[in-house]
Amino acid sequence: MTTLSPLIAGNWKMNGLTHSLDELAELARLMTAGAAPRAVVVVCPPATLLAAVAAQGASSGILAGGQDCHTDASGAHTGDIAAGMLADAGAQFVIVGHSERRAGHSETDDEVRAKAEAAIGAGLKPIICVGETEAERDAGTAESVIAAQLAASIPDAAEQHELVVAYEPVWAIGTGRTPSVEDIAAMHASIRAGLVERFGSERGESIRILYGGSMKPHNAREILSIENVNGGLVGGASLLAKDFYTIISAV
Ligand code: 13P
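Since this is a predicted model, take the numbers as computed values, not measurements.

K.L.:
Help me out: how do you make sense of the overall build of the chain in this one?
P.N.:
Tallying secondary structure elements over the chain gives 11 helices and eight strands in all. Over its C-alpha trace the chain gives a radius of gyration of 17 Å, about what one expects of a compact globule, namely 18 Å for 251 residues. Taking the principal axes of its C-alpha atoms as reference, the chain extends roughly 45 × 45 × 35 Å. Every one of the 251 residues in the chain was classed for burial, and the buried ones make up 48%. Pairs at least 24 residues apart make up 71% of the contacts formed inside the chain by residues separated by at least 6 positions. Surface accessibility of the chain: about 10,900 Å² in total, with carbon and sulfur atoms responsible for 52%. Charged side chains of the chain number 17 positive and 30 negative; the gap between the two group centres comes to 5 Å.

Listed below in structure tokens is the structure:
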């Protein structure tokens, strides 16, 4: 199996003002002070800070990502942001299909797939999020729910273009709860099997599968050492440089 360099992405969500760039400067200081991190590090700030994060992060190897994009390249969509605009601001990644957008903006798998296609078209690497609700996990349908979300959310273009999958159980986001190591291992193995089935073994094994949902300094090492966990998508703990750096160093 291909060894994938792990990727740790911080999702700042709707948090961050100009002074938050001090936290980014501190992260850059920590990352350049010791041994070079083994992970690819991405910070996804709110769109207002994207250009600044991209510019400021460049010298320390911190990459920038958007949190969402529109399906269209331009047009009459007040308040929306096109993938090309994110790329123009310096982004290399964009999160699509986060459960907070699926729930809060009624985004469907079809829309998520169209957003991922738009991102690829703009030269970005989409981070496609999937996750089951607590009721779905309790009902024993988590793996089939995720398989269906992935089948419909990942575009065929994934065959030739880089993208990332993020498994984020909805009930683990912002709750301090995480699935057991066995449950994460089983889900990531099932996602891997689905990718290999759809794209063949070489391509399917070259796609990173991130875990997200209450990844914290105290549990990162254990989660990141699970087979088929190729990194993390970190919410709350990415807002503090010290915590985020601890997670990055856990790789
Ligand atoms: P938390 O790490 O705050 O649980 O958030 C996870 C998440 O939603 C990242 O996209």
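Back to the text.
K.L.:
For this particular structure, what's the right way to read the side chain of R208?
P.N.:
Tracing the backbone through its elements, the reader meets R208 in strand β7 (residues 208–212). Contact partners of R208, with chain neighbours within four places excluded, come to L4, S5, P6, L7, V40, E162, L163, V164, V165 and N230.

K.L.:
Can you help me understand the side chain of S20 in this one?
P.N.:
Within the secondary structure layout, S20 lies in the loop between β1 (7–11) and α1 (21–33). Judged by its relative accessible area of 13%, S20 falls in the buried class. With residues up to four places along the chain from it excluded, the contact list for S20 reads W12 and L49.

K.L.:
Teacher, can you tell me more about the packing of α1 against helix α11 (residues 241–249) here?
P.N.:
At their nearest, the axes of α1 and α11 sit 9 Å apart, and the two run at 35 degrees to each other. As for how α1 packs across α11, the hand of that crossing is right-handed. In contact with E23, E26, L27, L30 and M31 of α1, α11 contributes A241, K242, F244, Y245 and I248. In the contact of α1 with α11, the residues fall into seven nonpolar, no polar and three charged.

K.L.:
Which parts of the structure should I look at to understand the nonpolar core?
P.N.:
If you look at soluble globular proteins, the nonpolar side chains tend to sit buried side by side. Counting residues in hydrophobic clusters, the biggest one holds 61 residues, and the most contacted among them are L27, I154 and I191. No other element matches α1, which puts six residues into this core. The contacts of L27, once residues within four sequence positions are left out, are V43, I62, A241, F244, Y245 and I248. Core analysis: the second largest hydrophobic core is formed by 12 residues, L7, A9, C44 and F93 among them.

K.L.:
Even after reading the chapter, I still don't get the pattern of salt bridges, so can you show me in this structure?
P.N.:
Side chains that carry opposite charge are capable of pairing whenever their charged atoms lie near each other. Per the counting criterion, the structure on display carries 14 salt bridges. A salt bridge links R101 to E107, with the nearest nitrogen and oxygen atoms 2.8 Å apart. By relative accessible area, R101 is classed as partly exposed at 21%. Here the salt bridges do not stand alone but share partners, grouping D68, R101, E107 and K115 into one network.

K.L.:
Help me understand the packing of aromatic side chains in this model?
P.N.:
Given two aromatic rings, one states the distance between the centres and the angle between the planes to describe the pair. Applying the stated rule across the entire model yields one aromatic pair. Geometrically, the ring pair formed by Y167 and Y211 is edge-to-face, given 6.2 Å between the ring centres and 65 degrees between the ring planes. You can see Y167 sitting in strand β6 (residues 164–167) and its partner Y211 sitting in strand β7, a full 44 residues away along the chain. Here Y167 falls in the buried class, since its relative accessible area comes to 0%.

K.L.:
Is there a simple way to explain empty space enclosed by the protein in this structure?
P.N.:
To find the voids left in a structure, one rolls a probe of water-molecule size over its atoms. Scanning all chains against the criterion turns up one cavity of 30 Å³ or more. The computed volume of the largest cavity comes to approximately 50 Å³. Taken together, W12, E23, L24, L27, V43, S238, L239, L240, A241 and F244 form the lining of the largest cavity. Breaking the lining of the largest cavity down by element, the ones donating at least two residues are α1 and α11. Element by element, the count of residues in the lining of the largest cavity is highest for α1, at three residues.

The rules behind the values
Residues numbered from 1 in each chain as written. Predicted model: local features only at pLDDT ≥ 70, side-chain atom pairs only at ≥ 80, totals over all residues. Heavy atoms only, no water. Helix = DSSP H or I, 4+ residues; strand = E, 2+ residues; numbered from the N terminus. Rg over C-alpha atoms; globule rule 2.2 N^0.38 Å. Buried < 20%, exposed > 50% of the residue type's maximum accessible area, 1.4 Å probe, protein only. Contact = heavy atoms within 4.5 Å. Areas by Shrake-Rupley, 256 points an atom, 1.4 Å probe, with all protein chains shown as cover. Lys, Arg positive; Asp, Glu negative; His and termini not counted. Charge placed at Lys NZ, Arg CZ, Asp CG, Glu CD. Axes fitted to C-alpha atoms, helices over the stretch in contact; angles between N-to-C directions. Left-handed = near helix turned anticlockwise from the far one by under 90°. Nonpolar A, V, L, I, M, F, W, Y, C, P; charged D, E, K, R; others polar. Core = buried A, V, L, I, M, F, W, Y, C linked by side-chain atoms within 4.5 Å. Salt bridge = Lys/Arg side-chain N within 4 Å of Asp/Glu carboxyl O. Phe/Tyr/Trp six-rings, centres within 6.5 Å; stacked < 30°, edge-to-face > 60°. 1 Å grid on protein atoms, 1.4 Å probe; cavity = no way out; pocket = protein on both sides within 12 Å on 5 of 7 lines; lining within 4 Å. Points joined across faces, edges and corners; volume = space filled by probe spheres on them.

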